[in-house]
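# Geometric and topological summary
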Amino acid sequence: MTASDSDAVVRGAVRAALAIRADARPICVTYIADSLATQAGRTFISEGHAVAGMMRSADDSAGRLGVTLLALSGRDTARVVVRLDGDFGRGGHPFWINRIEYDFTRDSSSGSWRFIAQRALYFADGIVDDPSRAPPPSCLNSAAPTAASRAAPPAEWPSYVSAFDAYVHADSIVGAATLVMRDGRVLAHHETGFADRALGQRVDTNTIFHWGSITKSLTAIAVMQLVERGRLSLDARVTEYIPELRGVHDAWGSMDSVTVQMLLSHASGLQNGTWPWTQGRPWEPFEPTTWEQLVAMMPYQEVAFKPGTRYSYSNPGFIYLARIVQALSGDPWEAYVQKNIFTPLGLTRSYFNATPWHLAEYRSNNYFVERDSANHRVRIAANGREFNPGITVPNGGWNAPLGDLATYLAFLTNASHGDAFTQRTYDTIMPHATLERMWRPRYPTNPPDTAGEWMATSFFVYRKGDATIVGHTGSQAGFRAFVYWNPVTKDAVIAAFNTSNEVDPSASTKGYDALRQVAWTLLR
């Protein structure tokens, strides 16, 4: 990595830190570059001067910002910690703004360094009256690379990558990526194919995928946050907040019997599809675009069984949960998730709806494998980088690179590594004991089989030998994805694909399910 590359690293770190919040404590993010060890302690004052004007103290005077690059390297992995400190606040009190870590790994075949992920953990530090009392520059594992950070991927990783590539080839997938984690740290990752085939843009660690129904876990956590804070009960009647649902026909009684918990566990009996009557007409929207459309459809729907008696997947149920979050918080669902999940976790590349301009170059296109109606030949058609999920964002609207999902899974697996500030951040978002209660099986997905897959509170739970695996899949437009983890070992696997095979969907699903089974072998 050249000196100019090092400068780019720091510039990126500064921008990331400023994007979080000026009043934040150390932000830890991860990097990897062996040659950067020689740069340890170098201060990039010029960069500090360049960004100082972007930050103002309470008395409207710009502060001085120094950026110090600290590199911790291993043989094939390295972590770069960027510390930002300066004089901000009234009276020139020192203000510790952010700390960011980036992780890289050396490619065994080419010897080049590749970015793995950034680690952004949100803490509150505040202004220190006495410079001598300023907190020491502590950050997650900043003293030295630990055994866990140097750990090799599971022995099953090569077999999984082979199965991954075989599935990608067999299903004509244009681009895909996957990674494996343990205790919040990425152990290995693999990318293949194109994010945009026409432009020759390869999939890399910055590529932004669409995560479909994995978004539902965000909605569930948002609801459970309100439950934890005494704002909502899981036994509350949904019609208390959405009286329009009384228009849905319930042959077993009143829709007043549907509870928040039933929606979270897909046990309400409500229909699966949000837009179930589509005929593929060019004028039809991709999904319903307004709340009024959903309300207008309610009198023409019915519940399929007595609410609360069994499982049946329902997308609109999570739109209704998002409406409850909005009613109780006063924020649109997207804003609530940004404030209460994305920001504290430092998920700066996660977003909903249209891609922000500064991330547009990383957005993956998505594709359908389809049969040409004119000559009946199979072709791969690009759908375009952007699409409008309409009002269905709370059940399937999350866009992000794999690195953000890795940070999210570090939270879900409580990978704080004993750091008090990290643990406090995680507990503020959601106490881990509450998450564990959300993973308790409630309904078998394929009764009477009670030994395989269960629906918990928004999450799916599986038995694989002696192991319990938690996770979710996602599929929308041409994208498909899955995330799984073992709550005991904190092993996790993430995968995303940008192509959907519409020519032979049965074979495609069979191959996808077989790959998921191989992925579970990584979760010891």
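Given the structure is predicted, the values throughout are model-derived calculations rather than measurements.

### Considering the environment of Ser265
- Position of Ser265 among the secondary structure elements: in the loop between helix 5 (260-264) and helix 6 (291-297).
- By relative accessible area, which is 0% here, Ser265 ends up buried.
- On a C-alpha basis, the gap between Ser265 and Pro441 in space is 9.4 Å, while along the polypeptide they are 176 residues apart.
- Excluding its chain neighbours within four sequence positions, the residues that come into contact with Ser265 are Tyr311, Arg442, Tyr443, Met455, Ala456 and Thr457.

### Quick look at the packing of aromatic side chains
- Throughout the structure, instances matching the rule amount to 24 aromatic pairs.
- Seen in terms of ring centroids, Tyr160 and Phe164 are 5.9 Å apart; in terms of plane orientation they differ by 55 degrees. Their pairing is tilted. On the criterion of helical spacing, the pair formed by Tyr160 and Phe164 is a turn pair, its members being four residues apart in helix 3 (residues 157-170).
- With relative accessibility at 0%, the residue Tyr160 sits in the buried group.
- Judged by its relative accessible area of 0%, Phe164 is buried.
- Relative to Phe352, the ring of Trp333 lies with its centre 4.8 Å away and its plane at 55 degrees, an arrangement referred to as tilted. A residue pair is termed long-range when its members are at least 10 positions apart, and Trp333 in helix 8 (residues 333-345) and Phe352 in the loop between helix 8 and strand 10 (367-371) qualify at 19 residues.
- Using a relative accessible area of 2% as the deciding quantity, one classes Trp333 as buried.
- On the accessibility criterion, Phe352 (11% relative accessible area) is buried.
- Arg480 extends its terminal NZ or CZ atom over the ring of Tyr512, reaching a point 4.3 Å from the ring centre.

### Details of the packing of helix 4 (residues 216-228) against helix 10 (residues 402-412)
- Two elements in contact, helix 4 and helix 10, have axes whose closest approach is 13 Å; the angle formed by their N-to-C orientations is 40 degrees. It follows that helix 4 is oblique to helix 10 by the angle criterion. In this structure, the crossing between helix 4 and helix 10 has a hand that is left-handed. Note on element contacts: helix 10 touches helix 4 through Tyr408, Phe411 and Leu412, opposite Ser217, Leu218 and Ile221.
- Among the residues forming the contact of helix 4 with helix 10, the class breakdown is five nonpolar, one polar and no charged.

### Points about the nonpolar core
- Membership of the largest hydrophobic core comes to 79 residues, with the highest contact counts inside it found for Trp211, Trp398, Tyr408, Phe411 and Ile494.
- Those residues in contact with Trp211 that lie beyond four places of it in its chain are Trp398, Asn399, Ala400, Pro401, Leu402, Leu405, Gly474, Ala481, Val483, Ile494, Ala495 and Ala496.
- Formed by 30 residues, the second largest nonpolar core is a distinct cluster that contains Ala267, Val493, Ala495 and Trp520.

### Comments concerning helix 10
- The buried count for helix 10 comes to 11 of 11 residues, which makes it a mostly enclosed element.
- Burial in helix 10 covers these residues: Leu402, Gly403, Asp404, Leu405, Ala406, Thr407, Tyr408, Leu409, Ala410, Phe411 and Leu412.
- Phi turns positive, to about 60 degrees, at Asn414, one or two residues after helix 10.

### With respect to the pattern of salt bridges
- Applying the stated criterion across every chain yields a total of 10 salt bridges.
- Glu370 is paired through a salt bridge with Arg379; the nearest N and O atoms lie 2.8 Å apart.
- Where Arg379 meets Asp372, a salt bridge forms, and the shortest distance between an N and an O atom there is 3.3 Å.
- Given a relative accessible area of 41%, Arg379 falls into the partly exposed group.
- Each of the salt bridges in this network shares a partner with another, and the network as a whole consists of Glu370, Asp372 and Arg379.

### Considerations on the packing of helix 3 against helix 13 (residues 505-520)
- Where helix 3 meets helix 13, the axes come as close as 10 Å, and the angle between the chain directions of the two elements is 170 degrees. Relative to helix 13, the element helix 3 lies roughly antiparallel. Here helix 3 contributes Tyr160, Ala163, Phe164 and Tyr167 to the contact with helix 13, which in turn contributes Ser508, Gly511, Tyr512, Leu515, Val518 and Ala519.
- Its residues placed into classes, the contact of helix 3 with helix 13 shows eight nonpolar, two polar and no charged.

Quick notes on the rules
Residues numbered from 1 in each chain as written. Predicted model: local features only at pLDDT ≥ 70, side-chain atom pairs only at ≥ 80, totals over all residues. Heavy atoms only, no water. Helix = DSSP H or I, 4+ residues; strand = E, 2+ residues; numbered from the N terminus. Buried < 20%, exposed > 50% of the residue type's maximum accessible area, 1.4 Å probe, protein only. Contact = heavy atoms within 4.5 Å. Phe/Tyr/Trp six-rings, centres within 6.5 Å; stacked < 30°, edge-to-face > 60°. Lys NZ or Arg CZ within 6 Å of the ring centre and 35° of its normal. Axes fitted to C-alpha atoms, helices over the stretch in contact; angles between N-to-C directions. Parallel < 35°, antiparallel > 145°, perpendicular 65-115°, else oblique. Left-handed = near helix turned anticlockwise from the far one by under 90°. Nonpolar A, V, L, I, M, F, W, Y, C, P; charged D, E, K, R; others polar. Core = buried A, V, L, I, M, F, W, Y, C linked by side-chain atoms within 4.5 Å. Salt bridge = Lys/Arg side-chain N within 4 Å of Asp/Glu carboxyl O.

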